[in-house]
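Below, each chain spelled out in residue letters.
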Protein chains: 2
Amino acid sequence: MSITAGPAKTGRTTITDVARAAGVSVATVSKVINGRDGIAVATSARVMQVVDKLGYERSLVATSLRQSKTNVIGVLVAEFEPFALQLLQGISDALSDTQYDVLVYAGAVSVGNHRGWENRSLSRLGGTLIDAAILVTPTLASPDASIPLVAIDPHTGSGGPATIDGDNLSGARAATEHLISLGHTRVGHLRGRDDLESAHVRERGYREAMHDAGLPIPPTFVTTGGYRADDANSGAVALLDAEVRPTAVFAANDVSAIELIRVAHERGLRVPEDLSIVGFDDIPDAASASPALTTVRQPLREMGAAAVEAIIEMLQGKDTSAHMRLPTRLVVRASTAPPA
Amino acid sequence: MSITAGPAKTGRTTITDVARAAGVSVATVSKVINGRDGIAVATSARVMQVVDKLGYERSLVATSLRQSKTNVIGVLVAEFEPFALQLLQGISDALSDTQYDVLVYAGAVSVGNHRGWENRSLSRLGGTLIDAAILVTPTLASPDASIPLVAIDPHTGSGGPATIDGDNLSGARAATEHLISLGHTRVGHLRGRDDLESAHVRERGYREAMHDAGLPIPPTFVTTGGYRADDANSGAVALLDAEVRPTAVFAANDVSAIELIRVAHERGLRVPEDLSIVGFDDIPDAASASPALTTVRQPLREMGAAAVEAIIEMLQGKDTSAHMRLPTRLVVRASTAPPA
DNA sequence: CTGTTAGCGCATTCAG
DNA sequence: CTGAATGCGCTAACAG
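The name given to chain A in an unreviewed UniProt entry is LacI family transcriptional regulator, and the organism recorded there is Microbacterium amylolyticum.

In structure tokens, the structure reads:
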């Protein structure tokens with residue numbers, strides 16, 4: 001019933017509009033656009049002209065419903081926190097000389113930190129909106145997907161996708177040992193998100209270092225933070241308001257560490273004189289925190305670039321199930337000092 | 001074990017798989033999923049169970065092809081540079097308590113800085129993959145779109161969408177005046193991307209301040225940078241290798257300013273002793289640059305949040321064509337000093 | 001209450 | 001060389 005006439009409805013130019021304007025069928029337009037041969041040069045030129053004139057651009061939606069290739073790589077994150085953002089820069093840089101565009105989907109903003117957000121996102125982007133996906137801090141060991149997958153800071157597990165991570169264990173040990181070597185004996189730990197494998201590994205590194213030094217870990221010395229300031233707040237408060245307060249804390253990530261500095265200041269504690277703090281990640285804000293944060297640097301840009309390389313190899317059919325681990329490095333700045 | 005049975009072809013579970021497994025028609029499944037009423041409780045329960053079991057999630061692609069609402073807000077950027085990333089944090093935070101998910105599309109990574117990338121992206125995201133879009137540093141005054149639009153750091157023009165920007169003119173004047181008040185008379189300018197309106201405004205601010213101070217601007221004092229280090233390099237080099245070198249430079253953005261510091265160091269120039277530098281934006285790297293960069297701060301997180309507010313109001317049918325301008329502020333750090 | 005039918009915009013057969 | 005028909009996953013009418 002709906003006899004169409006012109007762009008009309010949505011305002012978007014469709015392949016049909018182009019076909020009508022050029023006086024050919026949609027199939028012809030499709031062929032021209034996709035560079036298929038078997039089209040008269042004159043026709044092709046005329047169609048291209050109309051395409052330009054009308055500013056036609058194929059709809060990713062319709063295309064991906066029909067085809068299996070979109071030249072778009074998806075990056076799936078839970079949220080846009082500094083860690084993911086740094087990674088994104090590396091990913092974007094590495095992709096800038098390729099034919100691929102990037103689409104980043106934040107799957108947990110509207111539903112909270114729902115464990116398993118990656119499967120939800122993967123399903124929603126479904127069929128083939130994206131040709132491959134890079135998962136940032138997934139909470140599942142082996143998300144189900146039918147497209148090439150690389151996980152950054154993964155949930156380890158067998159049979160999972162290719163993974164890229166930093167050396168969390170060494171980093172955590174280095175951080176804790178730094179504190180111990182400064183002379184601290186009451187060293188606490190502000191844990192990361194429980195659903196992150198890397199958070200557990202870092203806690204293990206902390207515990208190992210403490211154990212090796214023969215130092216005790218009272219239960220109140222370990223509390224849980226998160227990767228948002230809000231989440232970190234209660235853990236930070238618990239740590240500092242405990243009966244016996246640690247003189248140094250290793251926080252599982254910089255966001256928590258910075259929140260801890262804030263809470264310490266709120267309580268009149270000086271950092272590092274009264275409390276030494278080490279973070280993890282080395283996000284941009286770490287260096288400009290006050291005091292500048294001692295932290296364990298993860299090569300985030302490089303990790304992002306490595307993920308892109310792996311994904312592209314997979315897309316080219318090479319069987320890359322590499323599990324790459326990049327080194328971490330302690331960066332000593334102003335938030336750590338010997339105990340008073 | 002992971003999900004078995006059914007999907008076959010793509011590996012993705014579709015509504016058809018669910019229908020078959022539940023022994024009902026796809027229409028029924030659709031109704032259940034969308035909470036339409038007129039479905040027997042028993043049937044509904046059975047379907048839901050199958051949905052859970054199979055881990056079904058509707059495809060954003062197919063849904064958006066058919067419907068006009070996806071609850072996804074698009075953020076369109078040319079690339080993931082620090083400016084956009086900061087904005088993204090504000091946007092993400094502001095969206096975290098809403099029903100909306102975020103999808104960020106970088107439209108210029110695979111094709112270079114193509115003027116008009118926003119129309120291309122808008123077209124590709126087409127019909128209704130997204131309910132509304134936030135444009136970051138668009139290069140067009142009035143992109144055509146049939147969905148609510150807000151532009152951050154826009155190309156001004158009449159009839160355009162709602163816009164959010166920082167006070168570029170005042171900021172640029174403040175930066176230049178700061179340099180002049182320090183005693184500099186040879187003040188240069190490293191321009192921003194030519195396709196950005198804000199870059200022109202900043203240049204105007206610089207020229208006005210110079211004019212008001214009665215200072216000359218030799219042609220070699222103004223060169224062009226960009227928002228990537230590579231782009232900024234040639235402009236920086238030209239500025240420093242000129243016959244008569246400025247003793248101070250106002251760079252149109254922090255990325256350029258930081259690159260300028262690098263180039264200056266390369267030539268054995270000390271900053272700020274031999275060359276004072278002011279940037280613009282106050283991205284995280286500005287504070288941790290060496291020396292710490294004096295810059296004009298734009299409230300990027302707030303600008304992102306403001307964009308979200310505006311978009312949501314538009315989505316609710318309120319007629320918000322506000323043009324919001326947030327204040328900028330000079331932040332003096334270590335990269336500026338009186339001339340030697 | 002539930003199943004059938006008809007597209008959304010596009011690319012791909014398969015006949016002209 | 002070109003055009004009409006078909007289907008991708010899904011939902012809105014409309015039948016049954």
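Contacts between chain B and chain A engage 48 residues on the former and 47 residues on the latter. Between chain B and chain A lies a buried interface of about 4100 Å² when both sides are counted; carbon and sulfur atoms form 57% of it. Linking chain B with chain A are three salt bridges. Between Arg120(A) and Asp101(B) there is a salt bridge; the shortest N-O distance is 3.5 Å. Joining chain B to chain A, the criterion identifies eight residue pairs in polar contact (both at pLDDT 80 or more). Listed by contribution, the elements that provide at least two residues to the side of chain B that touches chain A are helix H4 (60-66), helix H5 (82-95), strand S2 (101-106), helix H6 (117-125) and helix H11 (284-288) of chain B. Considered class by class, the residues forming the side of chain B that touches chain A number 22 nonpolar, 18 polar and eight charged.

On to the relation of the copies chain B and chain A. Each copy superposes on the other: chain B lies on chain A with an RMSD of 0.2 Å after a rotation of 179° and an axial shift of 0.1 Å. Expressed as an axis order, the relation between the two copies is that of a two-fold axis. Both copies present the same face, since 96% of the interface residues in chain B are matched by interface residues at the equivalent positions in chain A.

Attention now goes to unusual backbone geometry. The bulk of non-glycine residues show a negative phi, and the bulk of peptide bonds are trans. All names here are of chain A. Here the residue pair Ser290 and Pro291 is connected by a cis peptide bond, since its omega of 0° sits within 30 degrees of zero. Residue placement: Pro291 occurs in the loop between helix H12 (284-288) and strand S10 (294-297). Phi at Asn71 takes a positive value of approximately 60°, unusual for a residue other than glycine. Owing to a relative accessible area of 24%, Asn71 belongs among the partly exposed residues under this scheme. Despite not being glycine, Thr137 has its phi angle at roughly 45°, a positive value.

About the thresholds
Residues numbered from 1 in each chain as written. Chains lettered and ligands numbered in written order. Predicted model: local features only at pLDDT ≥ 70, side-chain atom pairs only at ≥ 80, totals over all residues. Heavy atoms only, no water. Contact = heavy atoms within 4.5 Å. Buried area = accessible area lost by both parts, 1.4 Å probe. Salt bridge = Lys/Arg side-chain N within 4 Å of Asp/Glu carboxyl O. Polar contact = N/O pair within 3.5 Å; in protein donor to acceptor, adjacent residues only side chain to side chain. Helix = DSSP H or I, 4+ residues; strand = E, 2+ residues; numbered from the N terminus. Nonpolar A, V, L, I, M, F, W, Y, C, P; charged D, E, K, R; others polar. Least-squares fit on C-alpha atoms with pLDDT ≥ 70 in both. Buried < 20%, exposed > 50% of the residue type's maximum accessible area, 1.4 Å probe, protein only.

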